[in-house]
Every structure is written in C-alpha cells, then in structure tokens.
Protein chains: 2
Amino acid sequence: MSDFPVSFTGGYSRPVPKPESASLDFAVDRSSPVPLYYQLAQQLESAIEHGRLAPGSLLGNEIELAGRLGLSRPTVRQAIQSLVDKGLLVRRRGIGTQVVHSQVKRPLELSSLYDDLQAAGQSPATRVLRNETEPASAEVAAALGIAEGSEVQVIERLRLTHGEPMAYLCNYLPAELLDLDSARLEETGLYRLMRGAGITLHSARQAVGARTATAEEGEQLMEPEGAALLTMQRTTYDDTGRAVEYGTHIYRASRYAFEFQLLVRP
Amino acid sequence: MSDFPVSFTGGYSRPVPKPESASLDFAVDRSSPVPLYYQLAQQLESAIEHGRLAPGSLLGNEIELAGRLGLSRPTVRQAIQSLVDKGLLVRRRGIGTQVVHSQVKRPLELSSLYDDLQAAGQSPATRVLRNETEPASAEVAAALGIAEGSEVQVIERLRLTHGEPMAYLCNYLPAELLDLDSARLEETGLYRLMRGAGITLHSARQAVGARTATAEEGEQLMEPEGAALLTMQRTTYDDTGRAVEYGTHIYRASRYAFEFQLLVRP
DNA sequence: CAGTGGTCTAGACCACAAT
DNA sequence: TTGTGGTCTAGACCACTGT
C-alpha cells in the first residue's frame, strides 16, 4: 500500500506522492521539424524509462508545465495524452498526472508478433519451400475478402533457429500486391518486405490453438508423432482495411510460445 | 482496384471516391452531459457500422463539417481521431478522411479475452475448486511484483460449457485487493468482480503455449492422456501499473482456441 | 475552498497531395 | 494553385478531488 518512494518534507500526513517531482530540464527545439508535442512526449518517456521520473510521482499540472516550456496547454496535453495511451502515465481529475506504478515499462512493440519472433535474436533462418501463384481456395478467398479462384501468391516456409526447425509457415497474399523474391524472403521476413513496398500494416485478426502432430508434420518439424503443436491463423489488414495477408502457421510447442500484451479498451 | 461504390457525375476521370458522401443528419445536443466530440464520434461510428457511410467514402473536410455542426475544428478533429484510433477511419494528408475498407468493422472488444470467452454465449458455468489465501511462491511473487511469502488469494476453478469441462484456471491475487466470494465467483467472473470493486484494468501480459496432457490433467478435463492442451499465463495490471492478478490456465485444445486482434503500433 | 484535468472555441500557419 | 490534414496558440468554463 505504501510503496511510493516518498521523501517527507515534514508533517504527519499520510504518505501521499510528493506534489512535485518535475524539476527536470525539459526543453523543446522550435526549429526542429519534429512536432513540439512529440519532442516533449519523447523527453517524458525517456525520463520515465530512465527512472528520472519515479513510478507514482506526480508530473505537475499542465498549465505550469506549459508555462515552463513556453508551450500552450493543448500542446502539452497532446504530449501527455500520447503517453497515457501508451500506458506510461495516468491522469486523475482533481489529482494530477502520475507516472504509472509500472512493471511493464515497455509494452513491447507487438508490431506483428512475428517480426518479434524474428527479432528475438534466436539466430533465425528461413527456408522457402514454395513461392508461386495459384487460384484462391474458398477458405483463402474468404479470409482475404476476394473472389474464389482469384490468383494468390502462396508462400510456404520453414523457420529454423539454431539449425533446428521451429515453425512451418504458409501464407497467402493477393497476387498483385507485391513481388516476392524468395532470396529476399529468406533474409528479410514477409512483414518487412510488405512495409518496404509501401504497405502500412494496421491490424491483424488471429486465432491460436493447439493439436497433436501427425506423422508428416512430426517429420518436417523433427518432433515425434503426437507431440503438441501450437497453431495460428492470421489475417492482416492494412490501414485502409483491406486484407493483405492470410497465413496458417504451426509451431513446435516444445520450443515456442506466444507472448503478447493486451490493452483494455476503456 | 476499382471497388469503390462510385456514382459518376460526368467526365471520364478515373473512378476517384466521390468527394462528398456526407449529407447525413449529424447533430449534437449541447445540453447533454455527453461531450460533444463523443456524441459526434458515436454518430459517425453508427453511420459507418450501418453502412450509411460506405467503406472508402470520404468524410468531407473537417472545417466544413465543423461549420455544419456548429462545432469548432479541434472538437471535430477529436471525434475523428478517436475513430482513427479505433481503426474505423483513415486520414491522409492532402486527400481527406475516408472510411476504412474494412472487413473487421468491430475490432472486437478484447477487453480481457476472458470475459469474451464467457460472453461468447456457450452457456458457461464455473466450479470453484479452491478459494483461500496462502504465502506467495517465488513464481507468483515475481509475477505480481510483491515479496515472496506475502499472502495471496488463490483461486482454482473449472470452467464448463454444455456440462463439459473446458478449462482449468488457477489465479493469484494480492490478498488485500478484494474480497472474493466463491458463490459470486461462480456466477460473475473474476474480471467483472474486480471492476465492480473499483479496479480499473489496463493491460495484461500473456504467454500462450501448448503441451500434452498428463494423466491427472486428462482426468480433470475429460481428455485422454497425451491430448493437446493450450496453456496460458497472464499477469494483469491496473491503470496505475500495479499487478492485480496472475493466472495459469489450461484449455482443452479440442474445444477452445484464442481469438484476438492485434493493432500495429505506428 | 483551491487545484486539477476535461472540454471547447476561433482563430493561425505549415506540409503534403492532387491538379 | 487549391484543398486537405497536421500542428499550435491563448484564452475560456466546467467537473471532479481534496481540504
């Protein structure tokens, strides 16, 4: 209950967060092309991350902060709001803005949950097993929201870490969307290629389940028949709401688990 | 490529979205306690959801919209921004604001991924197997960010649908946090109880994996030994960043899969 | 009561995209 | 060049929290 890092200034009132923890040297550069609210947000985030703003400490009111920085209150609010959205700050009416009592400072960039896997530094490698177009099956057409029989690009890949298979990935993309070079796929990852082609990924709908391995799956993934597998189907949408990718993935449960962060919508 | 529901007004230019799709009857009630930007956001969302604003259609510029509604531009922007954050609208500089080309209109309230399960209408039932306090183990203490040996509330539950077990749930909460009545737990769900106690859930860190069932697990869940199980560990945080719950759950993979939506952070 | 964030206004200038 | 969203300002009043 009383885990605030408080420094008492006198009196016997209950250990309320010190009303002022902000004598930090924030400053904005008006000649920079970076928006002012964004500069401030970055400085606040950095101060929180490096512990210069302690968890639970108050930020000082917005008007005073605006005055000190030579900014208007709406600009300061925009900066603070962006950090509230990130879960680093909490605002309470009549109280003030405080730094979260965090454990999870960095909510983990769950950009794709897949690049994460790749970025997780397990010396990953990819073997492209198949890369060609075919007419969309009913399942794929439904997932991508296109007509059955339309040409789609099919990619089958084996993901390896430390020389051992970890996952089998099968992805479908609308054929006109992108030129997919197998060599580049093996080194860069599908999502990065799509971003590089000017596609702005926005959201993904996923389903994660489990089942036991068939004999063939076991052979491909170097697991015994009957071993537990994690399965995942995902449809990814760009910022205009168009489906740009559908995939069915199989992971060796002995070597991989999904980790992610959920944000509760207010 | 040309899937806009365009009505040509003459000329042979390429089928660009009609510059104006907004002759709808938006109106705000200034005597209402509901914020103006929120009223507008709701009306826009409703219009999108019911198809009165077609996917891909333009919204008309902010200033004109503001004038038509008797609102200031920042207020209109705030309304639009909230829908952009929800993924219903896309803004493009120099172009305008358009309705997303969506498949996934309702990004699905992934409030807890657990109430979802309960709300999914599978006539769920819960049997509380255990509900008492004990000293925190090292694992639990680490997950909750409290001292090892602190008292924690332990809840073991069996989740049933259609009279058959679907999941085994074990949860740990800081002991002072909440009074948990077993009877209420069986009818209401843990998350709803926490919200009812004034706890504002904010985010959760999850790990999802798979393994095969042991003999005892099989017996408890009515699965054969060696069946595939989905496992989940989760720590939930409130809006001040304090861990308020840690749980380890086991699901019958034959009867359950996780579904959720990821948002790509810009 | 005083102090905080929540909302709202009426302007302004800029950067970018299309024509 | 025109029109769009992106940013910013300097005020204002209200609702809520604490004393």
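Everything here concerns the structure above.
All of the points below concern the structure found in this document. Each residue is numbered by its place in its chain's sequence as written, counting from 1. Think of it this way: whatever chain is written first is A, whatever ligand is written first is 1, and the rest follow in order. Two thresholds apply to this predicted model, a pLDDT of at least 70 for residue-level local features and 80 or more for giving and counting side-chain atom pairs, whereas whole-chain, interface and lining totals are computed over all residues. To obtain the side-chain values, all non-hydrogen atoms of the structure were used and water was disregarded.

What follows deals with the protein's contact with DNA strand C. Here a residue is considered near a molecule or strand provided that any single heavy atom belonging to it is located within 4 Å of it. Of all residues adjacent to DNA strand C, which total 25 residues, the nearest are Arg 73 of chain A together with Arg 30, Leu 36, Ser 72 and Thr 75 of chain B. In DNA strand C, atoms within 4 Å of the protein come from the sugar-phosphate backbone in 75% of cases. Gly 94 of chain A is positioned with one of its backbone polar atoms (N or O) 3.3 Å from a base oxygen of DNA strand C. The term polar contact refers here to a pair of N or O atoms within 3.5 Å; inside protein, the definition further demands a hydrogen-donor-capable atom paired with an acceptor-capable atom, and it admits residues adjacent in sequence only when both atoms are side-chain atoms. The side chain of Arg 73 of chain B places a nitrogen or oxygen atom 3.2 Å from a base nitrogen of DNA strand C. Only DSSP runs of H or I covering at least 4 residues are called helices, and only runs of E covering at least 2 are called strands; the numbering of each starts at the N terminus. At the level of secondary structure, the elements contributing two or more residues to the surface near DNA strand C comprise helix 3 (73-86), strand 1 (89-92) and strand 2 (96-99) of chain A together with helix 1 (36-49) and helix 3 (73-86) of chain B. Considering every element that reaches the surface near DNA strand C, the biggest residue donor is helix 3 of chain B, with three residues. Residues of the surface near DNA strand C, tallied by class, amount to seven nonpolar, nine polar and nine charged. Ten residue types, Ala, Val, Leu, Ile, Met, Phe, Trp, Tyr, Cys and Pro, are classed as nonpolar, four, Asp, Glu, Lys and Arg, as charged, and the remainder, Gly among them, as polar.

Attention shifts here to the pairing of strand 8 (residues 243-252) of chain A. Residue and element names in this part refer to chain A. Burial runs high along strand 8: nine of the 10 residues are buried. The pairing criterion for strands is at least two bridges between them, as found by DSSP. Pairing of strand 5 (residues 164-174) with strand 8 involves six bridges; the strand directions are antiparallel. Following the sheet pairing, Tyr 172 is matched in strand 8 by Tyr 246. The pairing of strand 7 (residues 228-238) with strand 8 spans nine bridges and is classified as antiparallel. Within the sheet, the bridge partner assigned to Leu 229 lies in strand 8 and is Arg 252. Counting the residues that bridge the hairpin from strand 7 to strand 8 gives four residues, and of these Gly 241 lies at a positive phi of roughly 90 degrees. For every residue, the accessible area obtained with a 1.4 Å probe (protein chains only) is divided by the maximum for its type, and the residue is called buried under 20%, exposed over 50%, and partly exposed between those limits.

Before going further, it helps to spend a moment on the packing of helix 1 of chain B against helix 3 of chain B. Residue and element names in this part refer to chain B. Look at helix 1 against helix 3: their axes get within 8 Å of each other, and the N-to-C directions meet at 50 degrees. Viewed along their axes, helix 1 and helix 3 adopt a mutual orientation that is oblique. Here helix 1 runs over helix 3; the crossing is right-handed. Across the interface between the two elements, Leu 36, Tyr 37, Leu 40, Ala 41, Leu 44 and Glu 45 from helix 1 touch Thr 75, Val 76, Gln 78, Ala 79, Ile 80, Ser 82, Leu 83 and Lys 86 from helix 3. When grouped by side-chain class, the residues that make up the contact of helix 1 with helix 3 number nine nonpolar, three polar and two charged. Note on geometry: axes are C-alpha line fits, over the in-contact stretch for helices, and angles between N-to-C directions span 0 to 180 degrees. Angle categories: roughly parallel below 35 degrees, roughly antiparallel above 145, roughly perpendicular from 65 to 115, and oblique for all the rest. Helix crossings fall into two classes, left-handed where the near helix is turned counterclockwise from the far one by less than a right angle and right-handed where it is turned clockwise. The contact rule is simple, with two residues in contact once any of their heavy atoms fall within 4.5 Å.

Taken together, 24 residues are adjacent to DNA strand D, and Arg 30, Leu 36, Ser 72 and Thr 75 of chain A together with Asn 61 of chain B come closest. Backbone atoms, meaning sugar and phosphate, make up 75% of the atoms of DNA strand D lying within 4 Å of the protein. The side chain of Arg 73 of chain A places a nitrogen or oxygen atom 3.2 Å from a base nitrogen of DNA strand D. At 3.0 Å, a side-chain N or O of Arg 93 of chain A approaches a sugar or linking oxygen of DNA strand D. Counting residues per element, the surface near DNA strand D draws most heavily on helix 3 of chain A, which supplies three residues. A class-by-class count of the residues in the surface near DNA strand D yields seven nonpolar, eight polar and nine charged.

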